[in-house]
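Chain residues, written in single-letter form:
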Amino acid sequence: MDEPRPFNRRILVGLVIGVTVSATLTAIATTNQSPVAHETVEVGSSIPLEPTMRKDVRLTPDEAKARAREEAHLSKMVDSLRRKLGNAYAGAWYDNTKRKLMVGIIDRAYLGDVQRAGAEPRMMKNNLAGLVGQKTRIDRMGGSAPSSIFSWYVDPATNSVVIEAKKDGTADEFIEKAKGNGDLVRVERSDREPRVLADVIGGRGFTVGDARCSIGFSATTPAGTKHFITAGHCTAAGAVVLSDGLEFGRVNAGTFDTDGDFGLVDVTDPAAGIPASSVDTRDGGPITVTGTEVAPVGASVCRSGATSGFACGEITAIDETVNYGEGRIVRGLTRTSVCAEPGDSGGPFVSGTQAQGVTSGGIGDCASAGTTFFQPINEAATKLGVTVVTG
């Protein structure tokens, strides 16, 4: 497995902010087309994209639209069932083959409740609280994780806590300690390590210090000040944010540690207009963000980035802890089957028209199929004290 890495190289157009900046970013997007050949399709947008989707999703435009409609209510359904089932709840995931929400339970008395809600129940041995407790135990051990331990997360479909690791002695020692006396841990072996998608370069572009990244989502404070949210490892690169060599904003805050990977930039360009709620799809018109409802495991998700443009896939795990190496362990990330490239860090993830998060890092690339992690947007906005702009 390639190691997880951040994706910050060329910054762009995750989100269009203001009239003047919109024009600037669109120009950058046009002249910096991704070297990765791919086509995209609409997922939740009112504007149609190309007639076929990336190979990582395998949906026609009509299928993508239908899936977006089917998934729109999943967040509310999951929240309702979680509250109703209480300690009997063992997690939920969307089965894209059946096109149905699957819900794990440990008590047969709740089979009817799940079915009446429109979901399909699955009997499990462990409840979600127990799985999360096991993951939290591993999180506390995270500081001693060797670089051969790549990540760990709760997988509701297998009712286990998955540890991704290389096959070596130091990894095996950590795994044995992580397992303890229980049987909740499942190990997946790989040789590809995760990495943040960072690539420090010079030259023109949308930059933060020496690093190039992607804008995530426009945000405001109660006082009406203008900002955008991006990846925290991008904001650590410097104080002044440049667009085409001119100051566009200044770093306000940034976090890149066990608390997450998120940063806030103050928009200082006096020519910037009202913060927009649009995500640029590069080749099919913007998607207007209408909310921040969290999509479940299995739901479709798309992201925009400076280098590789607009790409789609599925959410494959939530609340994942990723070891980027050199002591850089980040908790609470969401794992997806979407690929990304250096320069895509900080760009927005959406499911339908709901904002999901900003790109943190990933495994692999868009030429060989990849995995990308994002920082959930609700946690980032709350900790930064801002509100995501919606339309």
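Below is a summary of the structure that appears in this document. (Residues numbered from 1 in each chain as written. Predicted model: local features only at pLDDT ≥ 70, side-chain atom pairs only at ≥ 80, totals over all residues. Heavy atoms only, no water.)

1. Notes on the environment of Thr158
- Along the polypeptide, Thr158 turns up in the loop between strand S6 (149-155) and strand S7 (160-165).
- Along the chain, Thr158 and Gly104 lie 54 residues apart, while their C-alpha atoms are 9.7 Å from each other.
- In terms of polar contacts, Thr158 uses its side chain to reach the side chain of Ser160, at 2.7 Å. (Helix = DSSP H or I, 4+ residues; strand = E, 2+ residues; numbered from the N terminus. Polar contact = N/O pair within 3.5 Å; in protein donor to acceptor, adjacent residues only side chain to side chain.)

2. Side note on the pattern of salt bridges
- Tallied over the entire structure, the rule returns 15 salt bridges.
- Linking Arg116 and Asp113 is a salt bridge whose minimum nitrogen-to-oxygen distance equals 3.3 Å. With Arg116 and Asp113 both in helix H4 (residues 111-116) and 3 residues apart, the pair spans about one turn of that helix.
- For Arg116, a relative accessible area of 67% gives the class exposed.
- Relative accessible area serves as the criterion here: at 16%, Asp113 is assigned to the buried category.
- Residues Glu188 and Arg186 are paired through a salt bridge, measuring 3.0 Å at the closest nitrogen-oxygen approach.
- Taken together, the shared-partner salt bridges connect Lys98, Glu120 and Arg122 into one network. (Salt bridge = Lys/Arg side-chain N within 4 Å of Asp/Glu carboxyl O. Buried < 20%, exposed > 50% of the residue type's maximum accessible area, 1.4 Å probe, protein only.)

3. Considering the sheet that holds strand S5 (residues 120-123)
- Pairing within the open sheet is mixed, and its 3 strands lie in the order S3-S4-S5. Looking at strand neighbours, the two that pair on one side only are strand S3 (89-95) and S5, the edges of this open sheet. Neighbour-to-neighbour, the strand axes of this sheet turn through a mean angle of 25°, independent of strand direction.
- Note that S3 and strand S4 (residues 100-105) share 5 bridges and pair antiparallel. Bridge assignment links Trp93 to a residue of S4, and that residue is Met102.
- Contacts from helix H3 (residues 74-85) reach S3 and S4 within the one sheet, and its direction differs from that of S4 by about 20°. (Pairing = 2+ DSSP bridges. Axes fitted to C-alpha atoms, helices over the stretch in contact; angles between N-to-C directions. Contact = heavy atoms within 4.5 Å.)

4. Some words on the side chain of Glu71
- Mapped onto the secondary structure, Glu71 falls in helix H2 (residues 61-71).
- For Glu71, a relative accessible area of 8% gives the class buried.
- At 2.7 Å, the side chain of Glu71 forms a polar contact with the side chain of Ser300.
- Ignoring anything within four residues of it in the chain, the contact list for Glu71 reads Tyr94, Gly298, Ala299, Ser300 and Ser351.

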